[in-house]
Amino acid sequence: MSDEMYREVILDYYQNPRNKGTIGKPEISAMDYNPLCGDKITFQMNLDANGKVAEVKFDGEGCAISQASASMLTEMVMGKDINDLSRISRTEILESLGNPTLGPVRIKCAMLCLKVMKVGVYSHLGGSGDRSEE
Ligand code: ZN
């Protein structure tokens, strides 16, 4: 995928974010900042009776990469088992963004959503999750 195309994907999600907003009473909620860029992401989920993600929202502000990756991550986790969420990798996030070439600061922008989502999952699971991707 060319640089031009990945920018289009990122801009599309930034300008038309999927699943942006908040859940009234989320079972899982976490928030964090990326001080290097000023990004802020809140990630919220509700589970169904089988422990699968039935509802997911993100909210936040910041650069296009941070917000687009968070929106993409909501689509990635929807319907998944909570126990599988900790296995979502940095590689999967980068693939969703179109494998852009990102410097160390921009990588933190792209991975903020993943970090926040996993903090929420781990606190919900009581620290028993798989942390191998951190
Ligand atoms: Zn950023």
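Conventions used here
Residues numbered from 1 in each chain as written. Predicted model: local features only at pLDDT ≥ 70, side-chain atom pairs only at ≥ 80, totals over all residues. Heavy atoms only, no water. Donors = N, O, S within 2.8 Å, 3.2 Å for Na, K, Ca; no water. Helix = DSSP H or I, 4+ residues; strand = E, 2+ residues; numbered from the N terminus. Buried < 20%, exposed > 50% of the residue type's maximum accessible area, 1.4 Å probe, protein only. Contact = heavy atoms within 4.5 Å. Core = buried A, V, L, I, M, F, W, Y, C linked by side-chain atoms within 4.5 Å.

1. A closer look at the coordination of the zinc ion
Within the protein, the atoms that donate to the zinc ion are Cys-37 (SG), Asp-39 (OD), Asp-39 (OD), Cys-63 (SG) and Cys-109 (SG), at distances of 2.1 to 2.7 Å. Of note, the donors binding the zinc ion are all from one chain and are spaced C-x1-D-x23-C-x45-C. Taken together, the residues Asp-39 in strand 2 (residues 39–47) and Cys-63 in the loop between strand 3 (53–61) and helix 2 (64–77) connect sequence positions 24 residues apart. Summarising the burial analysis for this pair, Asp-39 and Cys-63 share the class buried.

2. Some thoughts on the environment of Leu-94
With respect to the helices, strands and loops of the structure, Leu-94 is situated in helix 4 (residues 90–96). Non-local contacts of Leu-94, meaning those with residues more than four positions away in its chain, are made with Asn-99, Pro-100, Leu-102, Ile-107 and Met-111.

3. Some remarks on the nonpolar core
Of all hydrophobic cores here, the largest spans 37 residues; its most connected members are Phe-43, Met-45, Leu-73, Val-77, Leu-85 and Met-117. Excluding anything up to four places from it in sequence, Met-117 contacts Phe-43, Met-45, Leu-73, Val-77, Leu-85 and Ile-88.

Everything listed here is a matter of geometry and, on its own, says nothing about what the molecule does.
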